[in-house]
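Topology and contacts: notes
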Amino acid sequence: MDLSASNHRIPLSDGNSIPIIGLGTYSEPAMTQKGDCTASVKIAIDTGYRHIDGAHLYQNENEVGDAIREKIAEGKVKREDIFYCGKLWATNHVPEMVRPALERTLKALKLDYVDLYIIEVPMAFKPGDEVYPVDENGKWLYHKSDLQATWEIECHPYFTQPKLLKFCQQHDIVVVAYSPLGTSRNPLWVNVSSPPLLHDVLLNSLGKKYSKTAAQIALRFNIQRGVVVIPKSFNPERIKENFQIFDFSLTEEEMKSIEALNTNVRFVELLMWCDHPEYPFHDEY
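Residue positions are counted from 1 within each chain, in the order its sequence is given. In keeping with the predicted nature of the model, local features appear solely for residues at pLDDT of at least 70, side-chain atom pairs appear and are counted solely at 80 or more, and the whole-chain, interface and lining totals rest on all residues. Calculated side-chain values reflect all of the structure's heavy atoms, with hydrogen atoms and water omitted.

Regarding the overall build of the protein
Strands here are runs of E lasting at least two residues and helices are runs of H or I lasting at least four, both read from the DSSP assignment and numbered beginning at the N terminus. Of regular secondary structure, the protein possesses eight helices and 11 strands. Exposed residues in this analysis have more than 50% of their type's maximum accessible area, buried residues have under 20%, and partly exposed residues fall in between, with area computed by a 1.4 Å probe over protein chains only. Counting the 285 residues in the protein, one finds 48% classified as buried. Pairs of residues are marked as contacts when any of their non-hydrogen atoms sit within 4.5 Å. Restricting to contacts in the protein with at least 6 residues of sequence separation, those with at least 24 account for 74%.

Details of the sheet that holds strand 4 (residues 51–53)
As summarised here, the arrangement of the four strands in space is 3-4-5-6, forming an open sheet in which the pairing is parallel. Each having just a single partner strand, strand 3 (23–24) and strand 6 (116–119) make up the two edges of the open sheet. Any two strands with at least two DSSP bridges between them are considered paired. Relative to strand 5 (residues 83–88), strand 4 runs parallel, the two being bridged by three bridges. Bridge pairing links aspartate 53 to cysteine 85 in strand 5.

Quick notes on the side chain of threonine 105
Here threonine 105 is to be found in helix 3 (residues 95–109). Look at threonine 105 and you get buried, because its relative accessible area is 0%. For the purposes of these results, a polar contact is taken to be a pair of N or O atoms within 3.5 Å, where, inside protein, one atom must be able to donate a hydrogen and its partner to accept one; residues adjacent in sequence count only when each atom of the pair is a side-chain atom. Of the polar contacts made by the side chain of threonine 105, one reaches the side chain of glutamate 61; its length is 2.9 Å. Ignoring any residue separated from it by four or fewer positions in sequence, one finds threonine 105 in contact with His56, Glu61, Val114 and Tyr117.

Re the UniProt feature "site: Lowers pKa of active site Tyr" (unreviewed entry) in the protein
UniProt positions are given in the numbering used here, feature names are shortened, and annotations may be inferred rather than shown by experiment. Residues annotated by UniProt as "site: Lowers pKa of active site Tyr" (unreviewed entry) correspond here to Lys87. As for its placement among the helices and strands, lysine 87 is situated in strand 5. Residue lysine 87 is classed as buried on the basis of its relative accessible area, which comes to 1%. Side chain to side chain, lysine 87 and aspartate 53 meet in a polar contact 2.6 Å long.

Describing the packing of aromatic side chains
The pairing test for Phe, Tyr and Trp rings, Trp by its six-membered ring, is centres within 6.5 Å, and the orientation test on the planes gives stacked under 30 degrees, edge-to-face over 60, and tilted for anything in between. One pass over the structure, following the stated rule, counts 10 aromatic pairs. Seen in terms of ring centroids, tryptophan 89 and tyrosine 132 are 5.7 Å apart; in terms of plane orientation they differ by 80°. Their pairing is edge-to-face. Remark: tyrosine 132 occurs in the loop between strand 7 (124–125) and strand 8 (142–143) and tryptophan 89 occurs in the loop between strand 5 and helix 3; sequence separation between them is 43 residues. Accessibility expressed as a relative area gives 5% for tryptophan 89, which makes it buried. Under the relative-accessibility criterion, tyrosine 132 is labelled partly exposed at 35%. A centroid spacing of 5.5 Å and a plane angle of 70° characterise the contact between phenylalanine 243 and phenylalanine 246, whose relative ring orientation is edge-to-face. Note on criteria: charge over ring means Lys NZ or Arg CZ within 6 Å of the ring centre, with the direction from the centre no more than 35 degrees off the ring normal. It is arginine 79 that lies over the ring of tyrosine 113; its NZ or CZ is 4.0 Å from the centre. Across from the ring centre of phenylalanine 234, 4.4 Å away, lies the NZ or CZ of lysine 232, which sits over that ring.

Observations concerning helix 5 (residues 201–210)
Turning to helix 5, its buried residues number three or more, namely Leu203, Leu206, Gly207 and Tyr210. The buried residues of helix 5 all sit within an arc of 110° when viewed along its axis, so they share a single face. Opposite the buried face of helix 5, by more than 90 degrees, sit the exposed residues Val201, Lys208 and Lys209. Looking at the buried side of helix 5, the elements it contacts are helix 6 (214–224) and helix 8 (252–259). N-capping of helix 5 is provided by aspartate 200, with a side-chain oxygen placed 3.0 Å from the backbone N of leucine 202. One or two residues past the end of helix 5 sits serine 211, with phi positive at roughly 55°. By construction, the arc corresponds to the directions joining the helix axis to the C-beta atoms.

Looking at the pairing of strand 5
With respect to burial, strand 5 is a largely interior element, six of its six residues being buried. Burial of strand 5 is two-sided: the residues Phe83, Cys85 and Lys87 facing one way and the residues Tyr84, Gly86 and Leu88 facing the other way are all buried. Looking down the strands as they point away from the viewer, one classifies a crossover as right-handed if the path from the first strand across the helix to the second runs clockwise. Since strand 4 and strand 5 lie parallel, the crossover through helix 2 (residues 61–74) that links them has a hand, and here it is right-handed. Bridge count between strand 5 and strand 6: four bridges; the pairing is parallel. Following the sheet pairing, cysteine 85 is matched in strand 6 by leucine 116. With helix 3 bridging strand 5 and the parallel strand 6, this β-α-β connection has right-handed handedness.

Here you go:
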């Protein structure tokens with residue numbers, strides 16, 4: 001796969017294409033200053049990113065849209081250059097709620113369309129305006145849903161998903177890896193007992209060999225397998241750094257060594273859904 005900073009789209013089965021690296025825009029709204037997301041998206045587009053991953057849940061799609069439209073107005077990009085992925089949140093799984101949810105995303109972005117719209121999680125919360133609905137005792141209010149679609153897949157050197165990746169590639173399905181650098185350490189939904197991915201000895205030693213960071217090695221590993229990555233950062237230097245993965249290649253032996261790091265344990269366990277009757281990960285351990 002011949003990828004470069006200026007040409008790193010990979011084909012989708014419907015004839016469209018998706019940039020193999022994107023900027024994740026997840027943030028904790030209460031811990032993020034207004035304007036941080038806008039600034040980050042603008043830096044990303046200037047750096048060469050053309051894939052932006054967002055969601056209504058992040059409460060910053062208006063900032064993402066501001067950044068995209070500003071860069072279009074500057075002549076830096078055209079709308080068709082940008083691949084935007086939005087997400088349907090768990091309180092909107094009822095079929096008649098899907099279109100209004102998408103229209104709400106388009107209104108926030110002030111864009112005419114999104115390039116991809118996916119179900120954020122496979123389990124549903126009680127429909128309504130509360131993002132995280134709970135009862136009077138603080139217990140999550142779940143809702144039974146009938147999903148006929150899929151959602152993004154966690155994928156990184158500690159959770160390489162070889163069986164799933166092989167199946168998808170055999171059927172011309174592109175895998176998008178969320179948390180490609182591990183994840184934040186929020187105990188509400190993350191397995192914090194797992195060691196941080198970027199502290200890994202092998203990833204850091206390969207980083208020294210190639211004058212790269214452990215993060216760049218982890219990202220290169222996935223794109224070299226044809227997996228789309230969407231690392232999140234609001235740090236300007238890291239945004240630029242994460243994009244600098246097209247000027248080196250890992251050897252076949254190094255790829256196998258990284259694959260061997262697989263522990264088949266997720267960072268993102270979605271712990272808030274562990275009591276949900278449709279919780280999908282009960283049989284994986």
